[in-house]
Amino acid sequence: MDFIVIDGSYLEGGGQIIRTAVSLSALTQKPVKIINIRKKRKNKGLAPQHVSAVKAVKKLCNAEVFGLNVGSEELTFIPSKLSPKDFTIDIGTAGSISLVIQTLLPLSLGINKKFTVKIKGGTDVKRAPPIDYVKNVTLKILRNFGVLTELKVLKRGFYPEGGGEVIFEVKPSKIKKFDLIEHSKSNLVEGISYVQNLDESIARRMRKKAVDLLNKEKLLPNIKIECSKGISTGAGIVLWNDTLGGSCLGEKGLRAEIVAERAVNELLKERESGMALDKYMGDQIIPFLAFGKGIVGVSEITNHTKTNMWVVKHFLDVDFEIKEYKENNCNGFTIEVV
Ligand SMILES: Nc1ncnc2c1ncn2[C@@H]1O[C@H](COP(=O)(O)OP(=O)(O)OP(=O)(O)O)[C@@H](O)[C@H]1O
């Protein structure tokens, strides 16, 4: 059997290589072998979050899989035909639900009937998209380009206990050609300031600080407060301004005002670039851009973005052209499929 072989330690060398490779393997029906998985990371090999993501794709395409265990540094994935079905996946820790969603999303382009997955784990964890970013930035942008999904958050889950729960529905989708270079310049900044098992005053303080800072910039904030109870405890704020996001997760000892300020600053920095996509969407859009073709504008070309392009090129006959973009007071880059 012919395998696509991917070196999991290439460039960024993180979990994203696994997610993109397995997802595209199922979609293109090309078997893949990933070696040196997360080799440069302290906790080498597959983490629970990656195992869960691969298991989910395996279920949807009845794949034959070898090396699918926590700590594994080599994974072989041999897909069969995509056959959508409903199921539950429990990451078992506070592993990121958002990153399991990231893995399932491209399958929307290859299915002929919808599927619904209940995913349990962490909704708001470090170094992963907060669930409200997924809902209000990632999925919204993709919906505009034909990717049809619904996401319902039932419970929030924070590190270390997790306990988050979402229902994610994926419908057969037909991707449209991208033409999304500059930000819309909308002044409306929506958001959510949330606490779980903590006092509502924390959520209110985060919102107040964010509103003050955004007003100073002549932006129009509309930020909701959410207080919930669960098996894990946490707080955070997620802001979105049309296609751009900014967020910060609360931490013990970090003042509510600082959490809000970090999220606002992240968003303002993205707005300043004038480009349509922030640095996180910049990497997340790559597999979809490869299928839809066309052009997008991003604030930064990160290692995650470069790595994702490199993985995609193993499966699809595409190339990406990156150019600096300085028109209309913008300061970023365009990525075009050529
Ligand atoms: N604050 C954030 N907002 C939106 N997206 C984010 C945020 N932080 C991280 N991401 C996204 O989460 C993904 C993280 O990928 P990455 O490979 O680093 O994760 P991982 O699977 O945890 O692997 P590793 O632990 O090896 O780094 C990327 O797509 C990145 O854009």
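What you are looking at is a predicted structure, and each value in this text was computed from that prediction instead of being measured.

*Asks:* Whenever I open this one, a positive patch on the surface confuses me. Can you help?
*Replies:* Judged by side-chain charge, Lys 135, Lys 140, Arg 143, Lys 152 and Lys 224 come together as a positively charged surface patch. Element by element, the count of residues in the positive patch is highest for helix H4 (residues 131-144), at 3 residues. Relative to the helices and strands, Lys 135 resides in helix H4.

*Asks:* Help me understand the site of the ligand in this model?
*Replies:* For the ligand, the set of nearby residues contains 20 residues, the closest of which are Arg 19, Arg 38, His 50, Asp 283 and His 304. Measuring from an oxygen atom of the ligand, one finds a backbone N or O atom of Gly 15 at 2.9 Å. Interatomic distance of 2.9 Å between a backbone N/O atom of Gln 16 and an oxygen atom of the ligand. Contact with the protein chains removes 87% of the 640 Å² of surface that the ligand exposes when unbound. Class assignment of the residues belonging to the shell around the ligand gives a composition of 6 nonpolar, 9 polar and 5 charged. Split by domain, the residues of the shell around the ligand number at least three in each of domain 1 (1-81) and domain 2 (83-174).

*Asks:* Is there a simple way to explain the UniProt feature "active site" in the protein chain in this structure?
*Replies:* Mapped onto this structure's residue numbering, the UniProt feature "active site" falls at His 304. Structurally, His 304 can be placed in helix H9 (residues 303-315). For His 304, a relative accessible area of 31% puts it in the partly exposed group.

*Asks:* Mind showing me how you'd approach the domain arrangement of the protein chain here?
*Replies:* When the parts of a complex come together, some accessible area is lost, and that lost area is often used as the size of the interface. Once the domains are mapped, the protein chain shows domain 1 (1-81), domain 2 (83-174) and domain 3 (186-271). Computed from C-alpha atoms alone, the centre-to-centre distance between domain 1 and domain 2 is 18 Å. Roughly 1,600 Å² is buried in total at the junction of domain 1 and domain 2, and carbon and sulfur atoms are behind 69% of that figure. Across the domain 1-domain 2 interface, the total number found is 0 salt bridges. Scanning the region where domain 1 abuts domain 2 turns up 6 residue pairs in polar contact (both at pLDDT 80 or more). Residue assignment for the side of domain 1 that touches domain 2 shows that the elements contributing at least two residues are helix H1 (15-28) and helix H2 (48-61). Residue composition of the side of domain 1 that touches domain 2, grouped by class: 8 nonpolar, 5 polar and 4 charged.

*Asks:* It is not clear to me how the packing of aromatic side chains should be interpreted in this structure. Could you clarify?
*Replies:* Geometrically, a pair of aromatic rings is defined through the distance of the ring centres and the angle of the planes. Counted according to the given criterion, the structure contains 4 aromatic pairs. Look at Tyr 133 and Tyr 280: their rings are 6.4 Å apart centre to centre, the planes differ by 85°, and that puts the pair in the edge-to-face class. Placement of the pair is Tyr 133 in helix H4 and Tyr 280 in helix H7 (residues 279-284), with a sequence separation of 147 residues. The partly exposed category is assigned to Tyr 280, whose relative accessible area is 36%. Between the aromatic rings of Phe 145 and Phe 178, the centroid separation amounts to 4.4 Å while the plane-to-plane angle is 25°, which identifies the pairing as stacked. Of this pair, Phe 145 sits in the loop between H4 and strand S7 (149-155) while Phe 178 sits in strand S9 (residues 178-180), and the two are 33 residues apart along the sequence. In terms of burial, Phe 145 and Phe 178 fall into one category: buried. One Lys or Arg, Lys 33, reaches over the ring of Phe 3 and ends 5.2 Å from the middle of that ring.

*Asks:* I'm lost on H1 in this one. Help?
*Replies:* In an α-helix, one full turn covers 3.6 residues, which means residues spaced three or four apart are oriented alike. With 14 residues, H1 ought to run about 20 Å at 1.5 Å a step, and its terminal C-alpha atoms sit 20 Å apart, in line with that. Among the 14 residues that make up H1, 13 are buried, leaving the element largely enclosed by the rest of the structure. One or two residues past the end of H1 sits Gln 29, with phi positive at roughly 65°.

*Asks:* Whenever I open this one, the environment of Val 312 confuses me. Can you help?
*Replies:* Here Val 312 lies in helix H9. Relative accessible area serves as the criterion here: at 0%, Val 312 is assigned to the buried category. Separated by 194 residues in sequence, Val 312 and Lys 118 place their C-alpha atoms 27 Å apart. Ignoring sequence-local partners within four residues, the contact set of Val 312 consists of Thr 20, Leu 24, Ile 286, Pro 287, Ala 290, Val 318 and Phe 320.

Rules of the game
- Residues numbered from 1 in each chain as written.
- Predicted model: local features only at pLDDT ≥ 70, side-chain atom pairs only at ≥ 80, totals over all residues.
- Heavy atoms only, no water.
- Patch = residues over 30% accessible without salt bridge, like charges linked within 9 Å, V, L, I, M, F, W, Y side chains within 5 Å.
- Areas by Shrake-Rupley, 256 points an atom, 1.4 Å probe, with all protein chains shown as cover.
- Salt bridge = Lys/Arg side-chain N within 4 Å of Asp/Glu carboxyl O.
- Lys, Arg positive; Asp, Glu negative; His and termini not counted.
- Charge placed at Lys NZ, Arg CZ, Asp CG, Glu CD.
- Helix = DSSP H or I, 4+ residues; strand = E, 2+ residues; numbered from the N terminus.
- Near = heavy atom within 4 Å.
- Polar contact = N/O pair within 3.5 Å; in protein donor to acceptor, adjacent residues only side chain to side chain.
- Nonpolar A, V, L, I, M, F, W, Y, C, P; charged D, E, K, R; others polar.
- Domains from an automatic or database assignment.
- UniProt positions renumbered as here; feature names shortened; annotations may be inferred.
- Buried < 20%, exposed > 50% of the residue type's maximum accessible area, 1.4 Å probe, protein only.
- Buried area = accessible area lost by both parts, 1.4 Å probe.
- Phe/Tyr/Trp six-rings, centres within 6.5 Å; stacked < 30°, edge-to-face > 60°.
- Lys NZ or Arg CZ within 6 Å of the ring centre and 35° of its normal.
- Expected span 1.5 Å × (residues − 1).
- Contact = heavy atoms within 4.5 Å.

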